[in-house]
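# Residue-level structural notes
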Amino acid sequence: SAESGPTAVCLDSGSDSITNNCFGCICEASTRCDKFTGCVANGQLCGPFLISKGFWVDAGRCVMEGDDPSSDDSYLKCTNDLKCASRIVRSHMNAFAQDCNGDGLVTCDDYVMMHRNGGYQCSNPLDTTEYWKIYTECKSLITSQGQNI
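Rules used in this analysis
- Residues numbered from 1 in each chain as written.
- Predicted model: local features only at pLDDT ≥ 70, side-chain atom pairs only at ≥ 80, totals over all residues.
- Heavy atoms only, no water.
- Helix = DSSP H or I, 4+ residues; strand = E, 2+ residues; numbered from the N terminus.
- Rg over C-alpha atoms; globule rule 2.2 N^0.38 Å.
- Buried < 20%, exposed > 50% of the residue type's maximum accessible area, 1.4 Å probe, protein only.
- Contact = heavy atoms within 4.5 Å.
- Areas by Shrake-Rupley, 256 points an atom, 1.4 Å probe, with all protein chains shown as cover.
- Lys, Arg positive; Asp, Glu negative; His and termini not counted.
- Charge placed at Lys NZ, Arg CZ, Asp CG, Glu CD.
- Disulfide = S-S within 2.5 Å.
- pLDDT = per-residue confidence, 0-100.

Next up on the list: the overall build of the protein chain. In terms of helices and strands, the protein chain carries 6 helices and 2 strands. Relative to the compact-globule value of 15 Å for 149 residues, the protein chain shows a C-alpha radius of gyration of 14 Å, a close match. With the C-alpha coordinates of the protein chain rotated into their principal frame, the extents come out at 40 × 35 × 25 Å. Per-residue burial for the protein chain yields a buried fraction of 40% across its 149 residues. Pairs at least 24 apart in sequence give 56% of the contacts found in the protein chain among residues at least 6 apart. Of the roughly 7,800 Å² of accessible surface on the protein chain, 49% is carried by carbon and sulfur atoms. Across the protein chain, the 11 positively charged side chains and the 19 negatively charged ones have centroids separated by 5 Å.

According to the stated counting rule, one finds 7 disulfides in the structure shown. With a sulfur-sulfur separation of 2.0 Å, Cys10 is cross-linked through a disulfide to Cys62. Taking the sign of the torsion about the S-S bond as the criterion, the disulfide between Cys10 and Cys62, at about 95 degrees, is right-handed. On the criterion of sequence distance, the pair formed by Cys10 in the segment before helix H1 (20–31) and Cys62 in the loop between helix H2 (53–58) and helix H3 (72–79) is long-range, its members being 52 residues apart. Through a disulfide, Cys25 is tied to Cys138; the S-S separation comes to 2.0 Å. The S-S bond linking Cys25 to Cys138 shows a torsion near -85 degrees; that makes this disulfide left-handed. Highlighted residues: Cys25 in helix H1 and Cys138 in helix H6 (residues 130–144), separated in sequence by 113 residues. You can call Cys138 buried: its relative accessible area is 15%.

Attention shifts here to helix H5 (residues 108–117). Count 3.6 residues to each turn of an α-helix, and residues three or four apart come out pointing the same way. Buried residues dominate H5, accounting for 9 of its 10 residues. Within H5 the residues assigned to the buried category are Cys108, Asp109, Asp110, Tyr111, Val112, Met113, Met114, His115 and Asn117. Residues of H5 that are buried in the fold lie against H1, H2, helix H4 (82–96) and H6.

A word on unusual backbone geometry. The phi torsion at Ala41 lies on the positive side, around 55 degrees, for a residue other than glycine. Relative to the assigned elements, Ala41 resides in the loop between strand E1 (39–40) and strand E2 (45–46). Classification of Ala41 by relative accessible area gives partly exposed; the value is 45%. Notably, Asn42 is not glycine yet its phi reads approximately 55 degrees, a positive angle. Mapping Asn42 onto the fold places it in the loop between E1 and E2.

Another point: the confidence of the model for the protein chain. Looking at the protein chain as a whole, the pLDDT averages 93, with 96% of positions reaching at least 70. Mean pLDDT in the protein chain bottoms out at H4, which sits at 94, and peaks at E2, which reaches 98.

Given below as structure tokens:
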């Protein structure tokens, strides 16, 4: 398979297999999808998806229409906008797509692990975290309604 890693451009075309349900559960697990989160952890993690500056850079510096990708302000504006932040997450998923849990498939479980652990050490176990607990509850709710995640 192709080597995964950081991208210089925002890979948010949407021609991938990541479902809106998967995005929704990552957002829920991160902040209960609170779009008023702002920045937490001494300003290190921003927006409803809790995106760090390094994650944003690795994802290709996705920005709001007309904003400058080299500006810190653009990072803050995009991470705090639900739609723009979703583009960052999608681009990071596309850049780093990999099988984090070793089951031979790349599924939402892997994207959830990648989101929390980053693309370089995505296999770190998360099963004891509140983040994973909220994700699995969200996933169960969706699958119990007969939908895919």
